[in-house]
Amino acid sequence: MSSIYFESNSNLSVTGQGRRTATASATESPLAPLATPGLVLGLILLGLGVACLLRLGDWAGNYGPILVMLAYLLYMAAAVRLALWGAVTVWSLHRR
């Protein structure tokens, strides 16, 4: 049987408590030292993704437009996510 713990005298809402815990754990995470290299790598991947826009038409003609656009969108989503994670973590580490 599991139990749930609530602070009875807390002024924070349940979502506010979760955000406070999530923010504190992001800076104390064992992955936090990798934030700066992750940010740099994410920005490089984004730059390469923008540079590949010139070749997208050729690839779509050779391999099919649906496959190429799906792969490109997945690639760019991963690059944006990595860059955002690195930026938020570096910002929160330097804000402390």
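Residues numbered from 1 in each chain as written. Predicted model: local features only at pLDDT ≥ 70, side-chain atom pairs only at ≥ 80, totals over all residues. Heavy atoms only, no water.

### Points about the overall build of the protein chain
Per the secondary structure count, the protein chain includes 4 helices and 0 strands. Seen in sequence order, the protein chain has helices and strands lined up from the N terminus as α-α-α-α. Relative to its full complement of 96 residues, the protein chain shows a buried share of 20%. Looking at the protein chain alone, contacts between residues at least 24 apart form 71% of all its contacts between residues at least 6 apart. Carbon together with sulfur atoms contributes 69% to the accessible area of the protein chain, which is approximately 7500 Å² in total. (Helix = DSSP H or I, 4+ residues; strand = E, 2+ residues; numbered from the N terminus. Buried < 20%, exposed > 50% of the residue type's maximum accessible area, 1.4 Å probe, protein only. Contact = heavy atoms within 4.5 Å. Areas by Shrake-Rupley, 256 points an atom, 1.4 Å probe, with all protein chains shown as cover.)

### Regarding the packing of aromatic side chains
What the rule picks out here adds up to 0 aromatic pairs. The ring centre of Trp91 lies 4.6 Å from the NZ or CZ of Arg95, which sits over that ring. (Phe/Tyr/Trp six-rings, centres within 6.5 Å; stacked < 30°, edge-to-face > 60°. Lys NZ or Arg CZ within 6 Å of the ring centre and 35° of its normal.)

### Thoughts on the side chain of Thr89
Mapped onto the elements, Thr89 comes out in helix H4 (residues 65-95). Reaching out from Thr89, the side chain makes a polar contact with the backbone oxygen of Trp85 at a distance of 2.8 Å. (Polar contact = N/O pair within 3.5 Å; in protein donor to acceptor, adjacent residues only side chain to side chain.)

### Here's the deal with the nonpolar core
In terms of nonpolar packing, the biggest core is built from 7 residues, these being Leu46, Leu56, Val68, Tyr72, Met76, Ala79 and Ala83. It is H4 that provides the largest number of residues to this core, a total of 5 residues. (Core = buried A, V, L, I, M, F, W, Y, C linked by side-chain atoms within 4.5 Å.)

### Notes on the pattern of salt bridges
Here the structure, examined in full by the defined rule, presents 1 salt bridge. Close ionic contact of Arg55 with Asp58 constitutes a salt bridge, the shortest N to O distance being 3.7 Å. Residue Arg55 is classed as partly exposed on the basis of its relative accessible area of 44%. (Salt bridge = Lys/Arg side-chain N within 4 Å of Asp/Glu carboxyl O.)

### Side note on the packing of helix H3 (residues 56-63) against H4
Where H3 contacts H4, the axes come no closer than 7 Å and their chain directions differ by 130°. Considered as vectors, H3 and H4 are oriented oblique to each other. Contacts between H3 and H4 involve Leu56, Trp59, Ala60 and Tyr63 from the former and Pro65, Leu67, Val68, Met69 and Tyr72 from the latter. For the contact of H3 with H4, a count of residues per class yields 9 nonpolar, no polar and no charged. (Axes fitted to C-alpha atoms, helices over the stretch in contact; angles between N-to-C directions. Parallel < 35°, antiparallel > 145°, perpendicular 65-115°, else oblique. Nonpolar A, V, L, I, M, F, W, Y, C, P; charged D, E, K, R; others polar.)

### Focus on the environment of Val80
Mapped onto the secondary structure, Val80 falls in helix H4. Looking at Val80, the relative accessible area reads 36%, which means it is partly exposed. For the pair formed by Val80 and Leu39, sequence separation is 41 residues and the distance between their alpha carbons is 9.6 Å.

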